Amino acid sequence: MSGIGFILDLLRKNPSFHSTQTLQSHGLFCATAAASAAAASVAAGTPFASRFLFGNYRDRVTYCDAGAAFSDPTDIQTSFEIKSVEFHPMKHLPKLYKIELKPLFSAFEFRAFAMTSLRSFLLYYLPILEPRPNAEDNDDFLNDSTEERHVDLVVPFKKSVKQIVRETSVVTTRRVLERLAVIYVSQRMAWKLLKDIPKSALRKYQRGLPTIVYMWRVSRTTFRGHLLGVAATWLVQVGIDTFRILSSVFNSTSELEEVEPSEQAKVLWKKVFVTTVKCCASLVFAAVGAGLGAIILRPSLGQWIGCAAGDLAGPIIVSIGFEKLLHMNL
């Protein structure tokens, strides 16, 4: 301010300047002062120490364009223009990924546990209920009629209970893996791993994508969303095989049953390899089946049916392929 006052006093004390030059100088000075004042007001909005880190987050940013050259020396109007730019922070927010975690022990809820139990019991008790062929008339008819066929109901019950324990363990392990994914991976990747795949397939269908692109994206989304389930299945199956091998090693009661630890290690390695191949086949075929089902049937229902069919058929196809081509039994 002292410099501005000094220049004004100098102009008043010097009458030798022409009036037009005085007016022109006064116009230039006013324009420059206006530009300097506008720039100073903008710069003062943010502290100097944090300006290079955080920038200027004021709602309004004002720019001043002062005219420094004049076509007419007698024109004392300062042609400067002030532009106001609105800053809308809601339009520049990053994408939010909403992650909804299911309960840790969701496998033990009434509906889920009831469906698991019903499926397991039907799996092992339906073969018993199959009708048997009638006995043919022959010379040994009397001998056949005297034979009594005993139906064992205890073994299917034990297998059903083991299947229930296995499925609930897989679901609980998946819930644990979901929580680990939320903690240790990025929010975007966790959202992709935990998203609702049928709803995602429906959203992709509503975008009007080409058929090949739509199939590829549904398959890719299914691959990501099905990954944690397959990983949980692999962990549970490997844990069961390891427990069986270790129990057979440490619980051998006689010398005849005793086996070498190296042989048991080879058996365990083979079982782990077989489980890994089957899980990879299940994941790949589930993704491919989901893509095909989404384009053949309805998007959400077709995706679900294709994923279930591929998950079931994948290990069977790979086992047949290994047996026919490599002569290996998986």
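Calculation notes
Residue positions within a chain follow its written sequence, with the count starting from 1. Residues qualify for local features only when their pLDDT is at least 70, as the model is predicted, and side-chain atom pairs are given and counted only at 80 or more; totals for whole chains, interfaces and linings, by contrast, use all residues. No hydrogens and no water enter the side-chain calculation; it runs on all heavy atoms of the structure. Within this document, salt bridges are pairs made up of a side-chain nitrogen of Lys or Arg and a carboxyl oxygen of Asp or Glu, the two lying within 4 Å of each other. Under the DSSP-based scheme used, a helix requires at least four consecutive residues in state H or I and a strand at least two consecutive residues in state E, with every element numbered from the N terminus. Only protein chains enter the accessibility calculation, which uses a 1.4 Å probe. A residue is then buried if its area is under 20% of the maximum for its type, exposed if over 50%, and partly exposed in between. Patch membership is restricted to residues that have no salt bridge and whose relative accessible area is over 30%. Joining uses 9 Å for like charges and 5 Å for the nonpolar side chains Val, Leu, Ile, Met, Phe, Trp and Tyr. Computed with the Shrake-Rupley method and a 1.4 Å probe, the accessible areas treat only the protein chains shown as cover for residues. His is not counted here, nor are the chain ends, while Lys and Arg score as positive and Asp and Glu score as negative. By convention, the charge on Lys lies at NZ, on Arg at CZ, on Asp at CG and on Glu at CD. Between rings of Phe, Tyr and Trp, where Trp is taken as its six-membered ring, a pair exists when centres lie within 6.5 Å; planes separated by under 30 degrees are stacked, by over 60 edge-to-face, and by other angles tilted.

Participant: How should the pattern of salt bridges be read in this particular structure?
Facilitator: Opposite charge on two side chains lets them pair, provided their charged atoms get close. Using the criterion set out here, one finds four salt bridges in the structure. Between Arg119 and Glu167 there is a salt bridge, and its shortest N-O distance comes to 2.7 Å. Taken together, the residues span a long stretch of sequence, with Arg119 in helix 4 (residues 110–125) and Glu167 in helix 6 (residues 154–184) at a distance of 48 residues. Overall, the relative accessible area of 17% leaves Glu167 in the buried class. Across the pair Asp196 and Lys199 runs a salt bridge whose closest N-O atoms are separated by 4.0 Å.

Participant: Teacher, can you tell me more about a positive patch on the surface here?
Facilitator: Together, Lys158, Lys159, Lys162, Arg244 and Lys271 line one region of the surface with positive charge. Of all the elements, helix 6 adds the most residues to the positive patch, at three residues. Position of Lys158 among the secondary structure elements: in helix 6. Residue Lys158 is classed as exposed on the basis of its relative accessible area of 53%.

Participant: Help me understand the packing of aromatic side chains in this model?
Facilitator: Aromatic rings in a pair are described by how distant their centres are and how their planes are angled relative to each other. In this structure the tally under the stated criterion is five aromatic pairs. Considering the side-chain rings of Phe108 and Phe113, the 6.4 Å spacing of their centres and the 25 degrees angle between planes classify their relative orientation as stacked. Assessed through its relative accessible area of 33%, Phe113 is described here as partly exposed. Here a set of aromatic residues connected by ring pairs shows up, and it is made of Phe105, Phe108 and Phe113.

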